[in-house]
Amino acid sequence: LQNSDNVVVASGTFTGDGLNHYTSVNCQINAVPVGVRRVVNHGSGRSLEVQAAQNVDGANVQIWDHLGGANQRWDLVDLGNGRFNLRSAMSGGRGLDASWSPANGTNVYIWSFWNGTPQQWQVQPVGNSRFRINTNLNLAMSLDAYGTANGANVGMWSYWGGSNQQWLIQNP
């Protein structure tokens, strides 16, 4: 993280004498960068993007080499309680969506923003600056079939910790 980054941080517990003299500190910082970001799959090194920059409801989400377009930028908006929206930086007010299905293999796409459960995501640190991105239905955003090539599809699968399920959140 850089000084100019905006983050959401979870604090820990502090033990002391009440005079700012701490005898112990138990603190785990879970920083989730917010604002317009690039979301990169750890296993492939490729950017999460709206396929072919289609700014329409139902447009598919995949990975591709980073080209810097608005279809590869996501506005992470903190909703509180560990929930976030990932809104496409393309104009039109569409957000990352995974439908209501709790089934493995559910496709990820963009849809007009309405802030429903399928558009609310949990972004959880898993170590080494990587994140697990879950829906409220507790499925993790993953590359289908462990894909790493340009055009690999993004779906929702039970989390097991593979590199196809870990994401970096970077400055665009």
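Check the entry above for the structure.
The structure presented is a predicted model; accordingly, all values stated were derived computationally and were not measured. (Residues numbered from 1 in each chain as written. Predicted model: local features only at pLDDT ≥ 70, side-chain atom pairs only at ≥ 80, totals over all residues. Heavy atoms only, no water.)

Colleague: Could you clarify how one ought to interpret the side chain of N134 in this entry?
Modeller: Locating N134 in the fold gives a position in strand β13 (residues 130–135). A polar side-chain atom of N134 sits 2.9 Å from a polar atom in the side chain of R132. Contacts of N134, omitting those with residues within four sequence positions, involve Q120, W121, Q122, Q124, L139 and A140. (Helix = DSSP H or I, 4+ residues; strand = E, 2+ residues; numbered from the N terminus. Polar contact = N/O pair within 3.5 Å; in protein donor to acceptor, adjacent residues only side chain to side chain. Contact = heavy atoms within 4.5 Å.)

Colleague: Is there a simple way to explain the pattern of salt bridges in this structure?
Modeller: Oppositely charged side chains are able to pair whenever their charged atoms sit close together. Inspection of every chain in the model, using the stated rule, returns 2 salt bridges. One salt bridge connects R46 with D65, and the closest N-O pair in it is separated by 2.8 Å. Residue R46 is located in the loop between β4 (32–41) and β5 (47–50), and its partner D65 is located in the loop between β6 (61–64) and β7 (74–80); the two are separated by 19 residues in the primary sequence. Taking relative accessible area as the criterion, D65 reaches 34% and is therefore assigned partly exposed. Among the ionic pairs, D57 bridges to R94, the shortest N-O distance being 3.0 Å. Separated by 37 residues along the polypeptide, D57 in the loop between β5 and β6 and R94 in strand β9 (residues 94–97) bring together distant segments of the chain. (Salt bridge = Lys/Arg side-chain N within 4 Å of Asp/Glu carboxyl O. Buried < 20%, exposed > 50% of the residue type's maximum accessible area, 1.4 Å probe, protein only.)

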